Amino acid sequence: MDAELPTSPLLVRLFAEGPWTLAMPLIALAAALAWWGSRHDQAKPLLAGVGLLLAAAATLGGAAVWTSPGEHAAERVRALVAAAEAGDVAAIRACFDADASMHYGSPSAPGGDLDRLMAAAESLAGRHRIERNDVTRLDCATADGDRGIVILGCRTQTASSYGPVPTRWWIEVVRGADGQWRIDRLAWLQVLDRIPDRGML
């Protein structure tokens, strides 16, 4: 399985995850039409400009009320990052599905179950306590109606490290039968410039 971010469906990208991609050209065209209409004292370009502005506003308004699976995934990952920074093991566990798995190097690599993952997470309250963390990348995409993917990059300094360490993660978030979004699969792709070993957490 590819550890890169999939491409969200076009309508999801335009109307939920990246509405400015559509809204900005509409606003620019509306401004150009309004300028041209006012310079030549013509009403039709002005009305067309108003229509385009309304379309841009509708695009942004729709994005504000429609949360895509990719955005749900990003929200869940932000909650996981906050819990990890706080060393809150219970909050970390709440981010994961009961059948979640953790993988090293690739989402398709053999993985460990939630107990193995939580055993690793407990170190965040002890020897690997996070002292500083900067999120360097948090990109999301919609994989399907009930699944989002996030690529997360961090620079993290822990009590056991000698400085900030860059890491990259692939995270799959799914909607459960109860309607809640939880992490189903976590792949630790990279630490510094290499694939992490299982014993690193």
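Residues numbered from 1 in each chain as written. Predicted model: local features only at pLDDT ≥ 70, side-chain atom pairs only at ≥ 80, totals over all residues. Heavy atoms only, no water.

K.L.:
Give a detailed account of the pairing of strand β6 (residues 181-191), specifying residues and quantitative values.
P.N.:
Where burial is concerned, most of β6 is hidden: 8 out of the 11 residues are buried. Sheet topology places strand β1 (residues 96-104) next to β6; 5 bridges connect them, and they run parallel. Directly across from His-103, in β6, lies its bridge partner Ala-187. When strand β5 (residues 165-175) meets β6, the two strands line up antiparallel, connected through 9 bridges. Looking across to β6, one finds that Trp-169 is bridged to Trp-188. (Buried < 20%, exposed > 50% of the residue type's maximum accessible area, 1.4 Å probe, protein only. Helix = DSSP H or I, 4+ residues; strand = E, 2+ residues; numbered from the N terminus. Pairing = 2+ DSSP bridges.)

K.L.:
Give a detailed account of helix α2 (residues 20-39), specifying residues and quantitative values.
P.N.:
Counting along an α-helix, one turn takes 3.6 residues, and residues three or four places apart therefore face a common direction. End to end, α2 covers 28 Å across 20 residues, agreeing with the expected 28 Å (1.5 Å per residue, within 8%). Along α2, the positions that sit buried rather than exposed are Ala-23, Leu-26, Ala-30 and Gly-37. Down the axis of α2, the buried set is contained in an arc of 65°. They therefore lie on one face. Pointing more than 90 degrees away from the buried face of α2 are the exposed residues Thr-21, Trp-35 and Arg-39. Immediately beyond the C-terminal end of α2, within one or two residues, lies Asp-41, with a positive phi of roughly 50°. (Expected span 1.5 Å × (residues − 1). Arc of directions from axis to C-beta.)

K.L.:
How would you sum up the environment of Ala-98? Please name residues and give values.
P.N.:
Locating Ala-98 in the fold gives a position in strand β1. Note on Ala-98: relative accessible area 64%, which makes it exposed. Residues Ala-98 and Ile-183, 85 residues apart in the sequence, show an inter-C-alpha distance of 9.2 Å.

K.L.:
Go over the packing of aromatic side chains, please, and point to the residues and values.
P.N.:
Applying the stated rule across the entire model yields 2 aromatic pairs. With centroids separated by 6.2 Å and ring planes inclined at 50°, the aromatic side chains of Tyr-104 and Trp-188 adopt a geometry described as tilted. In this pair, Tyr-104 sits in strand β1 while Trp-188 sits in strand β6, placing the two residues 84 residues apart along the sequence. Following the ring pairs from residue to residue traces out a cluster consisting of Tyr-104, Trp-169 and Trp-188. (Phe/Tyr/Trp six-rings, centres within 6.5 Å; stacked < 30°, edge-to-face > 60°.)

K.L.:
Before we move on, can you summarise the sheet that holds β5 with the specific residues and values?
P.N.:
Across the sheet, which stays open at both edges, the 6 strands sit in the order β2-β1-β6-β5-β4-β3 with mixed pairing between neighbours. Unpaired on one side and paired on the other, β2 (111-112) and β3 (130-144) mark the two borders of the sheet. The strands touched by helix α4 (residues 69-86) within the sheet are β1, β3, β4 (147-158), β5 and β6, with β3 carrying the most contacts at an inclination of about 160°. Against the sheet, helix α6 (residues 114-121) engages β1, β2 and β6, with an angle of about 75° to β1. (Contact = heavy atoms within 4.5 Å. Axes fitted to C-alpha atoms, helices over the stretch in contact; angles between N-to-C directions.)

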